[in-house]
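# Fold and geometry: a report
One letter stands for each residue in the lines below.
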Amino acid sequence: MEEEYKPEIIEPAVRALWDESKCFEVEPDPEREKFYCLSMLPYPSGRLHMGHVRNYTIGDVISRFQRMQGKNVLQPMGWDAFGLPAENAAIKHGVPPAQWTYENIDYMRNQLLRLGFAYDWRREVTTCRPEYYRWEQLMFTRLFRQGLVYRKSSVVNWDPVDQTVLANEQVVDGRGWRSGAPVERREIPQWFLKITAYTEELLDCLDRLPGWPDAVKTMQRNWIGRSEGVEIAFDVPGHDPVTVFTTRPDTLMGVTYMAVAPEHPLAEAAAASNPAVAEFVEECRRVQASEAVLETLEKKGMALGISARHPISEAEVPVYVANFVLAGYGTGAVMAVPAHDQRDWEFATRYGLPIVQVIEPVDAGQADISSGAFLDQGRLINSGDYDGLTSQQAFEQLAARFESEGRGGRKVNYRLRDWGVSRQRYWGCPIPMVHCADCGSVPVPESELPVLLPEDVKFMGVQSPIKADPEWRKTSCPQCGGAAERETDTFDTFVESSWYYARYCSPGADAIVDENANYWLPVDQYIGGIEHAVMHLLYFRFWHKLMRDNGLLRCDEPATNLLCQGMVLADSFYRDSAEEGRRWIAPSEVTIERDQTGEITRAVWDQDGGDVVHAGRTTMSKSKNNGVDPQSLVDRYGADTVRLFTMFAAPPEQSLEWSDEGVEGANRFLKRVWKAVRNHVDAGPASVPAAATEFDSDQAELRRRLHHCIAKVGDDMGRRYTFNTAIAAIMELMNSLARFDDESGTGRAVRQEALQAVVLMLSPIVPHVAQVMWQALGQSGLVVDAMWPEVDESALVQDEVEMVVQVCGKLRGRIRIAADATRETIEAAALAETNVQRFVAEKPIRKLIVVPGRLVNIVV
């Protein structure tokens, strides 16, 4: 064993051993319990960041620990390789997106290899490869034939620079997340997957996922948004009736106006003859099409010059086009009750419309509607025959009335809308449909899949190369054989990430998945950020149910347990100037001064010696220039140090605050363990104690601490996932081992037992150095194949315990006493301790507190 710990030598050599033994390649084995551990696959942006390192280290530690429990562990890796960043890079650097993507994948794969992650690389998927996306194209055509895919015009967020549809989450302050251009609201043809056919199951199955965080389940419930209400038809003379959905039919008599979306037929009809309405409708099209944005906008509208007829009073109700009504939500029309809806109240106040209170508090108190709407349920007033009814009673009676009249009735509604999967960019999976003038939209036959995306392309501005290429678009109709055009939209990249986990289970299968998927699924532990709660994680569950219903899988949900890791935070610094605006300075270029509490009191830019502003600890990001390059840390300290710090700095679900001192501390601890093993090995061979070994009190105490540590670390790693407390327990054990000064044969045997256990417990976290120390301790084979150390229950039985003795709450001594000693014996021993006697002296004892097995406090 080398005298010094040298990760630059150790780590490549250990990885070569893993490669030679193919120890991470696994196959289904019905005789063994399986464990499928999966971290969300990365986008190949070029380099790993610390968020990647944290996510994948968590998964790797869990995988290696479960392997040590004797389980058949699958841990795969792949690349979410389609998407807009590759197109931006192509436009900026003149490199085809495919080339940029594949080069990035090669670089990032090498980074993952250097970090020692235990992946079965035979299962690697790259979602931009035809051998992958062909199967989602096949699935899409089957879903089309089943009626679960359709095409319609839809209002979308449109980025006029990137020329693509944006999800609500990709619009930041009304601008495209990549281009920064103001986003417009447009109506264009889109392909949809009918996720709404699964709303009830998606909602109900959340109750069968106890291993998912409550926060994620709550976010999905809210996103699905189940609500019970009543549909009511309002007649509009000269036009078709307008149907509205409301959860508050009890407020019906308070309707003073109606509002429709800019895309509603009534608004379009008015715009055709009224230039002012047309101009307002066009203005609305330039506003992002999301509920969250519209809720915060100033409520604006314009009268259409028509009225609806109230379904009970038959009073005329003016109809407005309003910027806060979305065509894609509900019916695109709302009955406005300004006294009992804040949005309606703001609009009515702006335009001087009547505000009529029709609900009062049940306790007969007063509701002040002069400063805002009264939102609670209560008792009806100003409602004619319905006066005096409670809100619930009115709900029942009005629902029955409209059902009997054929003008509406009860309905369950959902906030969730069908999944629009069309994107207008090039670098995505081609949607396998053709458009024929005679046959309409027709799916590409399965025998002709995949529809290949050409990879050797040149960008002319931002337009998609396949949209600009008439030869690529030209095809024949599979149905009639006539001339047709290929669909030039590509899939939303959430399609690829919705089923990759299943493809890992069936590498090379000549089908979407094969029977092996039913061995490995569901995923036993899924790991990724909570920011994916209502996008990827919902689509992931939906696509799984589609595959189940197509006979491909048997389980109902894709993942049994979900762990959402926290963000990685680091100090950020900036300087403002009139010439450059705000410039973010990398922490590595800043020298800081701290006060006695550790707070930063001054920060200086090394480049010019001038002060910079400390902006606090923020999420590592390129925009704040405060990311830490994992590669430089691995080069300097080794992968094991980076892995150890990442696991020790915080529990996985909490934010990790980056600390250079913490990394150095992790490195010092590994050197300390290395030195302890080397010193022990240099002193000569030793073996673990035999079953019948007799131990003196110090030996027995060390073994008790050891086996208590094994039990705690096993629970922390296997059940609680509190890797930081597991590492802390191992550090505490190493402190005990450092104080254990016994070079007898039995003492060395106890030390051998302890060091072997330490190496085993650390091996999921620091696998490279653990392998070398395992061999140095005389063990054959790979530590990755070793079993988790067993707890010797007999070692936990204590003959004696050490108890702290305090005088008036201050530590004054320690005593060792029989574990089953009586209170009287403990008190006598505490009072007899020499140093305690000095502080008690002749003072009268007012109270004597005994906490069995822990402490004695003498109050004088």
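Here is what the cut-offs are and how they apply
- Counting restarts for each chain, with residues numbered from 1 along the sequence as it is written.
- The model is predicted, so local features are restricted to residues of pLDDT at least 70 and side-chain atom pairs to those at 80 or more, both for listing and for counting; the totals for chains, interfaces and linings are taken over all residues.
- With hydrogens and water excluded, all non-hydrogen atoms of the structure serve as input to the side-chain values.
- Secondary structure elements are defined from DSSP: runs of H or I of at least 4 residues count as helices, runs of E of at least 2 residues count as strands, and each element is numbered from the N terminus.
- For this analysis, residues touch if any pair of their heavy atoms sits within 4.5 Å.
- The axes are straight lines fitted to the C-alpha atoms, using for helices just the contacting stretch, and the angles between their N-to-C directions are given from 0 to 180°.
- Between 65 and 115 degrees an angle is taken as roughly perpendicular, under 35 as roughly parallel, over 145 as roughly antiparallel, and anywhere else as oblique.
- In a left-handed crossing the near helix is turned counterclockwise from the far helix by less than a right angle, and in a right-handed crossing that turn is clockwise.
- Two strands pair if DSSP finds at least two bridges between them.
- Throughout this description, the term nonpolar core refers to a set of buried Ala, Val, Leu, Ile, Met, Phe, Trp, Tyr and Cys residues connected via side-chain atoms within 4.5 Å.
- Using a 1.4 Å probe on the protein chains alone, a residue whose accessible area is under 20% of its type maximum counts as buried, one over 50% counts as exposed, and one in between counts as partly exposed.

If you trace the backbone, asparagine 724 turns up in helix α22 (residues 723–739). Setting aside anything within four residues of it in sequence, one finds asparagine 724 in contact with Met647, Phe648, Ala650 and Pro651.

With that settled, consider the packing of helix α21 (residues 697–720) against α22. One way to put it is that α21 packs onto α22 with a least axis distance of 8 Å and a crossing angle of 165 degrees. Our classification of the angle between α21 and α22 gives roughly antiparallel. Between α21 and α22 lies a crossing whose hand is left-handed. Contact residues: Leu702, Arg705, Leu706, Cys709, Lys712, Val713, Asp716, Met717 and Arg720 in α21; Phe723, Thr725, Ala726, Ala729, Ile730, Leu733, Ser736, Leu737 and Arg739 in α22.

Across the sheet, which stays open at both edges, the three strands sit in the order β11-β10-β18 with antiparallel pairing between neighbours. Taken across any chain shown, the strands that pair with only one partner, and hence form the sheet edges, are β11 (242–246) and β18 (408–414). Direction aside, neighbouring strands of the sheet carry axes that sit 35 degrees apart on average. When strand β10 (residues 226–234) meets β11, the two strands line up antiparallel, connected through five bridges. Along β11, the bridge assignment pairs glutamate 231 with phenylalanine 245. Across the face of the sheet, helix α12 (residues 391–405) comes into contact with β10 and β18 while running at roughly 115 degrees to β18.

Pairing is antiparallel across the open sheet formed by four strands, whose spatial order is β22-β21-β24-β23. Of all strands in the sheet, those with a lone pairing partner are β22 (440–443) and β23 (474–476), marking the two edges. Between one strand axis and the next, the sheet turns by 40 degrees as a mean value, whatever way the strands run. Sheet analysis places strand β21 (residues 433–436) next to strand β24 (residues 483–486), joined by three bridges and oriented antiparallel. Counted as the bridge partner of cysteine 436 is alanine 484 from β24.

Attention shifts here to the nonpolar core. Counting 179 residues, the largest nonpolar core has Tyr36, Tyr501, Leu521, Tyr526, Met547 and Trp658 as the members making the most contacts within it. Residues within four places of tyrosine 526 in sequence aside, it is in contact with Leu38, Ser39, Met40, Tyr500, His536, Leu537, Phe540, Ala559, Asn561, Leu562 and Leu563. Formed by 40 residues, the second largest nonpolar core is a distinct cluster that contains Val260, Leu304, Ala367 and Tyr386.

Most peptide bonds are trans, and most residues other than glycine sit at a negative phi. Of note, the amide linkage connecting leucine 449 to proline 450 takes the cis form, showing an omega dihedral of 5 degrees. By secondary structure assignment, the location of proline 450 is in the loop between β22 and α13 (465–468). Here the bond from leucine 521 into proline 522 is cis, since omega is 0 degrees, no more than 30 degrees from zero. Looking at the element boundaries, proline 522 is found in the loop between α16 (516–520) and β26 (525–527). Despite not being glycine, asparagine 625 has its phi angle at roughly 55 degrees, a positive value. Of note, asparagine 625 is situated in the loop between β32 (613–619) and α18 (630–637). Look at asparagine 625 and you get partly exposed, because its relative accessible area is 33%. Of note in the backbone geometry, cysteine 808 takes a positive phi value of approximately 55 degrees without being a glycine.

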